[in-house]
Amino acid sequence: MSHVIIKQDECKGCKLCIKACPRGVLGVSDSINKLGYQPACVKVDSCIGCGICYYSCPEPGAISVFKDKKEQKNSN
Ligand code: SF4
Ligand code: SF4
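Structure report, in brief.

Rules behind the numbers
Residues numbered from 1 in each chain as written. Chains lettered and ligands numbered in written order. Predicted model: local features only at pLDDT ≥ 70, side-chain atom pairs only at ≥ 80, totals over all residues. Near = placed C-beta within 6 Å. Nonpolar A, V, L, I, M, F, W, Y, C, P; charged D, E, K, R; others polar. Core = buried A, V, L, I, M, F, W, Y, C linked by C-beta atoms within 7 Å. Buried ≥ 20, exposed ≤ 12 C-beta atoms within 10 Å, placed from the backbone. Contact = placed C-beta atoms within 7 Å.

1. Brief notes about the site of ligand 2
So, point 1. Within the structure, ligand 2 sits among 15 residues, and Cys11, Cys14, Cys17, Ala40 and Cys57 are positioned closest to it.
So, point 2. Tallied by class, residues from the shell around ligand 2 come to 10 nonpolar, two polar and three charged.

2. Looking at the site of ligand 1
So, point 1. Lining the immediate environment of ligand 1, one finds 14 residues, of which Cys21, Val25, Cys47, Cys50 and Cys53 sit closest.
So, point 2. Residue composition of the shell around ligand 1, grouped by class: 11 nonpolar, two polar and one charged.

3. Considering the nonpolar core
So, point 1. Counting 13 residues, the largest nonpolar core has Val4, Ile6, Cys17, Leu26, Cys53 and Ile63 as the members making the most contacts within it.
So, point 2. Once you skip the residues sitting within four places of it in the chain, Leu26 turns out to touch Cys17, Ile18, Cys21, Ala40, Cys41, Val42, Lys43 and Cys53.

Right, here's the structure in full:
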């Protein structure tokens, strides 16, 4: 299944990824990270692996996207 991993301590809480995601996957965490920000986190399990969040994020390495190869095949 396609999914994203957000490194909580790399995130500056700008919310660009949250606004950019077409599936409403991402939201704001209740916790505060070591930089003092409320980081983005995964809220719902409907990621399609499109990568838009990754390209919208100004922090290198904060978001990793894992695209399910079976889903990729099905969409071709
Ligand atoms: S990869 Fe696409 S669907 Fe998945 S969280 Fe990022 S923007 Fe949303
Ligand atoms: S775009 Fe990057 S820095 Fe901004 S909230 Fe999302 S993960 Fe954090």
